[in-house]
Amino acid sequence: MPTILIIAINAILIENFVLVKFLGICPFLGVSKKTDTAIGMGCAVIFTMTLSSALTWAVNRFILEQFHLQYMQTVAFILVIAALVQFIEMALQKLMPALYQALGIYLPLITTNCAVLGSALLNIQNGYNFIESVVFGFSAGVGFLLAIVLFSGVRERIAACDIPKPFQGFPIALISAALLSLAFMGFQGLKLG
Amino acid sequence: MGTEKNRNERDLLNFLAGHPEEGRPAGSESAPETNASPAVEQSLDASPSPSAERASAESRASASAPEPARAPSKFAPLLAQLKNGLLTENPTFVQLLGMCPTLAVTTSVSNGIGMGLAATAVLIMSNLVISLLRKVIPSKVRIASYVTIIAGFVTMIDLLLQAFVPALSKSLGLFIPLIVVNCIILARAEAFASKNGPGRSALDGLSMGLGFTVALTLISAVRELLGAGTLLGYPVLGDRFEPATMMILPPGGFLVLGCLIALVQFIMQRKGAKK
């Protein structure tokens, strides 16, 4: 049990996917102008990342390893993720229209979110078993949600500020992300396990 | 062409570029093949980011103003395309695509150059192949097909790097396989290679890739210089310099990129104000 807890805290705080590992920066900068959309995107990422961690682990274990095809990992995983996202989209539309309404527009974006492929590859690299992989995927998603929600709060404030012209838009967003990232560096001091 | 599905995917690319609200007008996509200079104009129009369109409009204006009677050269459109990728539509500084590797691997100059060249190789090959297959791939499944083609080339590059430059492969680590989901490559496949001939597409891949490499080199040079006092591993700033380690840690990446983009915007605004 403690290992799972360590993996979770590690993925959420110490090695936050966005702010420390630089995975999923595109949606982090693109969809963080408002807190509502940021929450939607974060939830969609948690959902997909948990499922894709489980699925890619199974694909790796039962198909790629059986036939010694590990070098096809990247191709296989991206196809699994693309198919999974399509499938989630269709399933949600049929089964949970309310949730689909909320997450709808963010789902297709997730295919090209490098955090999802990144977590799948990291699971294999770290040699996690099935449960650990799922926990890692889920908590990496939670870390993403945490970062993007915090950041969107900052950006909503910035939108009302008087910023020098060259810094308007992206540059100021990046600089505030730097400060947020600096704050998360503080968690490096946590020594676990 | 111009269907609802197309629009959604274009929005997706705009979204990734960090400009969610601005979609291009639906008509602008019906771009048949042309070979001479009009195609350059078209590629400029096909840019996914409004700031890039503004920049390219500026560059067109400034290029035509000083020497209106330039001799039509066979290489002029090629050079224009190269300049397009390197400067006016630089994927990192102007189009703001592919931020993850940009921030993650620029801790040292050798990493930055290595990543840039690996992405360039993938970009050239995937643009070439996608352009050759552009009439065969049905438009409904084209994004999935592009991703598969790109993933194939990324795997090749990954294995080549592991075999010949294991040190670089190790320090870039996870970000080599993640070239697959680099938005630059998919954006160029969608915006350029799917509408233009193989030669031009390969050249577009080269110019965008070099633009990416130059940007990565610049960012990593600043970070390595400030964060470790070295360039390519050689000490430059002497013993008296106290390295600011923060610069090679994650916050430094955000900070340097933010400042460099601000600098680019400052120069562009100055240029705009002069006219």
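Before reading further, recall that the structure is shown in the block above.
All values reported here derive from a predicted model rather than from experimental measurement.

How each quantity is defined
Residues numbered from 1 in each chain as written. Chains lettered and ligands numbered in written order. Predicted model: local features only at pLDDT ≥ 70, side-chain atom pairs only at ≥ 80, totals over all residues. Heavy atoms only, no water. Helix = DSSP H or I, 4+ residues; strand = E, 2+ residues; numbered from the N terminus. Rg over C-alpha atoms; globule rule 2.2 N^0.38 Å. Buried < 20%, exposed > 50% of the residue type's maximum accessible area, 1.4 Å probe, protein only. Areas by Shrake-Rupley, 256 points an atom, 1.4 Å probe, with all protein chains shown as cover. Phe/Tyr/Trp six-rings, centres within 6.5 Å; stacked < 30°, edge-to-face > 60°. Axes fitted to C-alpha atoms, helices over the stretch in contact; angles between N-to-C directions. Parallel < 35°, antiparallel > 145°, perpendicular 65-115°, else oblique. Left-handed = near helix turned anticlockwise from the far one by under 90°. Nonpolar A, V, L, I, M, F, W, Y, C, P; charged D, E, K, R; others polar. Contact = heavy atoms within 4.5 Å. Polar contact = N/O pair within 3.5 Å; in protein donor to acceptor, adjacent residues only side chain to side chain. 1 Å grid on protein atoms, 1.4 Å probe; cavity = no way out; pocket = protein on both sides within 12 Å on 5 of 7 lines; lining within 4 Å. Points joined across faces, edges and corners; volume = space filled by probe spheres on them. Buried area = accessible area lost by both parts, 1.4 Å probe. Salt bridge = Lys/Arg side-chain N within 4 Å of Asp/Glu carboxyl O.

Observations concerning the overall build of chain A
So, step 1. When you go through chain A residue by residue, the secondary structure sums to 9 helices and 0 strands.
So, step 2. Since a compact globule built from 193 residues should have a radius of gyration of about 16 Å, the 17 Å found for chain A is in line with a globular shape.
So, step 3. With the C-alpha coordinates aligned to their principal axes, the bounding extent of chain A is approximately 60 × 45 × 30 Å.
So, step 4. When burial is assessed residue by residue, chain A has 53% of its 193 residues classed as buried.
So, step 5. In the structure as shown, chain A presents an accessible area of about 8600 Å², 69% of it carried by carbon and sulfur atoms.

Some words on unusual backbone geometry
Residue and element names in this part refer to chain A.
So, step 1. A positive phi angle is found at F22, which is not glycine, with a value near 60°.
So, step 2. Relative to the elements of secondary structure, F22 occurs in the loop between α1 (2–14) and α2 (25–30).
So, step 3. The backbone phi angle of H68 is positive, close to 55°, even though this residue is not glycine.
So, step 4. Note that H68 resides in the loop between α3 (35–64) and α4 (73–95).
So, step 5. Overall, the relative accessible area of 62% leaves H68 in the exposed class.

Re the packing of aromatic side chains
Residue and element names in this part refer to chain A.
So, step 1. Per the stated rule, a full pass over the model turns up 7 aromatic pairs over all chains.
So, step 2. Each ring, one from W57 and one from F130, has its centre 5.3 Å from the other, and the planes form 65°; the classification is edge-to-face. Placement of the pair is W57 in helix α3 and F130 in helix α8 (residues 130–158), with a sequence separation of 73 residues.
So, step 3. W57 sits in the buried class, given a relative accessible area of 13%.
So, step 4. Assessed through its relative accessible area of 36%, F130 is described here as partly exposed.

Comments concerning the packing of α3(A) against α8(A)
Residue and element names in this part refer to chain A.
So, step 1. At a minimum axis separation of 8 Å, α3 and α8 run at an interaxial angle of 165°. Between α3 and α8, the angle falls in the class roughly antiparallel. Pair α3 / α8 crosses with right-handed handedness.
So, step 2. Of the residues belonging to the contact of α3 with α8, the class tally is 18 nonpolar, 9 polar and 1 charged.

Things to note about the packing of α4(A) against helix α7 (residues 142–164) of chain B
So, step 1. Contact geometry of α4(A) with α7(B) gives a least axis separation of 8 Å together with a crossing angle of 155°. Between α4(A) and α7(B), the crossing angle belongs to the class labelled roughly antiparallel. For α4(A) against α7(B), the interelement crossing comes out right-handed. For the pair formed by α4(A) and α7(B), the contact residues are A:T74, A:V75, A:I78 and A:L79 on the first element and B:V147, B:T148, B:A151, B:G152 and B:T155 on the second.

Things to note about the side chain of B:S131
Residue and element names in this part refer to chain B.
So, step 1. Inspection of the secondary structure puts S131 in helix α6 (residues 109–132).
So, step 2. Exposure remark for S131: the relative accessible area of 0% places this residue in the buried category.
So, step 3. Side chain to side chain, S131 and S201 meet in a polar contact 3.4 Å long.
So, step 4. With residues near it in sequence (within four places) discarded, S131 still touches A193, N196, G197, P198 and S201.

Some words on empty space enclosed by the protein
So, step 1. Scanning all chains against the criterion turns up 4 cavities of 30 Å³ or more.
So, step 2. The computed volume of the second largest cavity comes to approximately 60 Å³.
So, step 3. Together, A:C26, A:C114, B:G98, B:C100, B:P101, B:M115, B:F175, B:L178, B:I179, B:V181, B:N182 and B:C183 line the second largest cavity.

Overview of the interface of chain A and chain B
So, step 1. In this complex, chain A contributes 41 residues to the contact, which on the side of chain B involves 41 residues.
So, step 2. Each partner contributes to the roughly 3700 Å² buried at the junction of chain A and chain B, and carbon and sulfur atoms together form 82% of this total.
So, step 3. Our enumeration of links across chain A and chain B arrives at 0 salt bridges.
So, step 4. At the boundary of chain A with chain B, the tally comes to 0 residue pairs in polar contact (both at pLDDT 80 or more).

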